[in-house]
Amino acid sequence: MAKAPRIKIPNEVRKGEIIQIKTLVAHEMENGLRRDQGGTLVPRKIINHFACTFNGKPVFACELEPAVAANPYLAFSVRVEESGIFRFSWIDDDGTTIEAEETIAVS
Amino acid sequence: MRPVSRRDALALPAQFTALALAGAPDPAHSTPAEAAAEIEKFTGGAAVEPGKITIDLPEIAENGNSVPLAIDIDHPMTAESHVSDLLLIAEANPWPRIARFQLTPMSGRAAVATRIRLAGTQTVRVVAKTSDGRFLTAQKQVKVTIGGCGG
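Residues numbered from 1 in each chain as written. Chains lettered and ligands numbered in written order. Predicted model: local features only at pLDDT ≥ 70, side-chain atom pairs only at ≥ 80, totals over all residues.

**Quick notes on the overall build of chain B**
Selection criterion: A run of DSSP states H or I qualifies as a helix once it reaches four residues; a run of E qualifies as a strand once it reaches two. Both are numbered from the N-terminal end. Burial is judged by counting other C-beta atoms within 10 Å of a residue's own C-beta: 20 or more means buried, 12 or fewer means exposed, and anything between counts as partly exposed, with every C-beta placed from the backbone. Each residue gets a C-beta atom placed from its backbone, and two residues are in contact if those atoms lie within 7 Å.
A tally of regular secondary structure across chain B gives three helices and nine strands. The N-to-C order of helical and strand elements in chain B reads α-α-α-β-β-β-β-β-β-β-β-β. Split into buried and exposed, the 151 residues of chain B put 38% on the buried side. In chain B, once contacts between residues fewer than 6 apart in sequence are set aside, the share between residues at least 24 apart is 68%.

Now the structure itself:
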C-alpha cells in the first residue's frame with residue numbers, strides 16, 4: 001500500500017477525557033459492480049474490517065461493506081484513562097493488513 | 001440508468017419503447033424485504049424500539065459516491081449499560097448493509113462518523129444494540145442526485 005493511513009488524535013489529554021479519533025486510509029474500495037472500459041466487471045476489493053485497540057484492549061471495530069466510500073474515513077470516540085498506545089488495523093479482502101499506531105499521554 | 005425523454009421514446013420502435021417505459025427490473029438494487037432480513041439477522045427477531053439516535057446526513061446528497069454520515073446516540077457508555085453494536089442499512093443499495101460498528105464501554109460516547117455510498121434517493125436506517133439486549137432504531141431520508149454504486 002502506497003500511502004500510510006492518516007490518523008488524527010490529540011497528543012495529550014486529561015485523565016478520563018473523551019477524545020475523537022479520526023482515521024483515513026487510501027483505498028479504492030472497489031465494490032465489484034463497476035465495469036472497466038472493456039466492459040468487464042472489476043472484481044470486488046475492499047477493506048472489510050477495521051479495528052482499534054488501546055494497550056491491547058479492543059476499543060472499536062467495524063465491518064465494512066462495499067457501501068463505504070473510497071478512502072474509508074472512520075471517526076469514533078474513546079475515553080482515555082491512562083497513557084498508552086493505540087493500534088489500528090485495516091484488513092483488505094485479499095488479506096493484506098495495513099497497520100498503524102499512535103501514542104497518547106495522560107497529563 | 002439515463003432517464004428516457006419523450007423525444008427518445010418516440011424515436012424508438014414501439015416494442016423497445018414499451019420496454020423502456022415499463023422499466024426493466026434493476027438488479028443493482030436490493031428490496032426493502034432484503035433490508036428487513038438483514039435487520040432481522042442483527043436483532044434475532046427481537047423488538048426494535050425508536051431510540052434517541054441523531055443521524056447527521058445531508059438532506060440532499062449531490063454525489064452518492066461519498067455521503068458524509070455521523071451518528072450520535074444518547075445512551076450511557078458504562079460497563080453495565082452501553083451500546084455494543086451498530087448496524088447501518090441502506091434499503092435501495094445493491095446490498096443493504098453499509099457497515100457494522102462494535103463499540104465498547106471504552107468508547108465513552110456512542111458516536112461514529114464515516115462516508116458512505118448511496119445508489120439513489122432512499123432511507124438510511126440505524127439499528128443499535130445495547131449491552132442489556134435492547135434494540136434501538138432511527139432512520140433518515142436522503143435525496144441523491146447522482147447515484148454512487150456503479151451499475
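**Here we look at helix 3 (residues 32-43) of chain B**
Heads up, the rule is: To estimate the expected span of a helix, count its residues, drop one, and scale the result by 1.5 Å.
The end-to-end C-alpha distance of helix 3 of chain B, which contains twelve residues, comes to 16 Å, matching closely the 16 Å that a straight helix rising 1.5 Å per residue would cover. A positive phi of about 65° marks Gly44 of chain B, the residue just after helix 3 of chain B.

**Topic: the sheet that holds strand 4 (residues 67-73) of chain B**
Using the following cut-off: Strand pairing follows a simple DSSP-based rule, namely that at least 2 bridges must link the two strands. Between N-to-C directions, angles span 0 to 180 degrees; the directions come from axes that are lines fitted to C-alpha atoms, helices contributing only their stretch in contact.
Ordered in space as 1(A)-3(A)-6(A)-7(B)-4(B)-2(B), the six strands form an open sheet in which the pairing is antiparallel. Of all the strands in the sheet, the pair left with one neighbour each is strand 1 (6-8) of chain A together with strand 2 (53-56) of chain B. Averaged over all pairs of adjacent strands, the angle between strand axes in this sheet comes to 15°, irrespective of strand direction. By the bridge criterion, four bridges tie strand 2 of chain B to strand 4 of chain B in an arrangement that is antiparallel. If you follow Asp56 of chain B over to strand 4 of chain B, its bridge partner there is Ala70 of chain B.

**What about the interface of chain B and chain A?**
Contact with chain B, which involves 29 residues of that partner, is made by 26 residues of chain A. No other element matches strand 6 (residues 97-103) of chain B, which puts seven residues into the side of chain B that touches chain A. The pairing of strand 6 (residues 73-80) of chain A with strand 7 (residues 110-116) of chain B spans three bridges and is antiparallel. The residue of strand 7 of chain B that forms the bridge with Phe76 of chain A is Val112 of chain B.

**Describing the pairing of strand 6 of chain B**
The side chains of a regular strand alternate, residue by residue, between the two faces of the sheet. Burial runs high along strand 6 of chain B: five of the seven residues are buried. Looking at chain direction, strand 5 (residues 57-64) of chain A and strand 6 of chain B are connected through five bridges and run antiparallel. Looking at the pairing, Cys62 of chain A lines up with Phe101 of chain B of strand 6 of chain B. Connecting the antiparallel pair strand 5 (residues 83-90) of chain B and strand 6 of chain B is a turn made up of six residues.

**Quick word on unusual backbone geometry**
Residue and element names in this part refer to chain A. Positive phi values are uncommon outside glycine, yet Met29 reaches one of about 50°. Judged by the 21 C-beta atoms lying within 10 Å of it, Met29 is buried. Phi at Asn55 is positive, roughly 50°, even though this residue is not glycine. In this fold, Asn55 is placed in the loop between strand 4 (47-54) and strand 5. For Asn55, a count of 12 C-beta atoms within 10 Å gives the class exposed.

**Here's the deal with the environment of Trp90 of chain A**
Residue and element names in this part refer to chain A. Inspection of the secondary structure puts Trp90 in strand 7 (residues 84-92). Exposure remark for Trp90: the 23 C-beta atoms within 10 Å place this residue in the buried category. Through-space distance from the C-alpha of Trp90 to that of Pro5 is 9.4 Å; in sequence the pair is 85 residues apart. Trp90 has contacts with Pro5, Val25, Ile47, Phe50, Thr97 and Ile98, leaving out every residue within four places of it along the chain.

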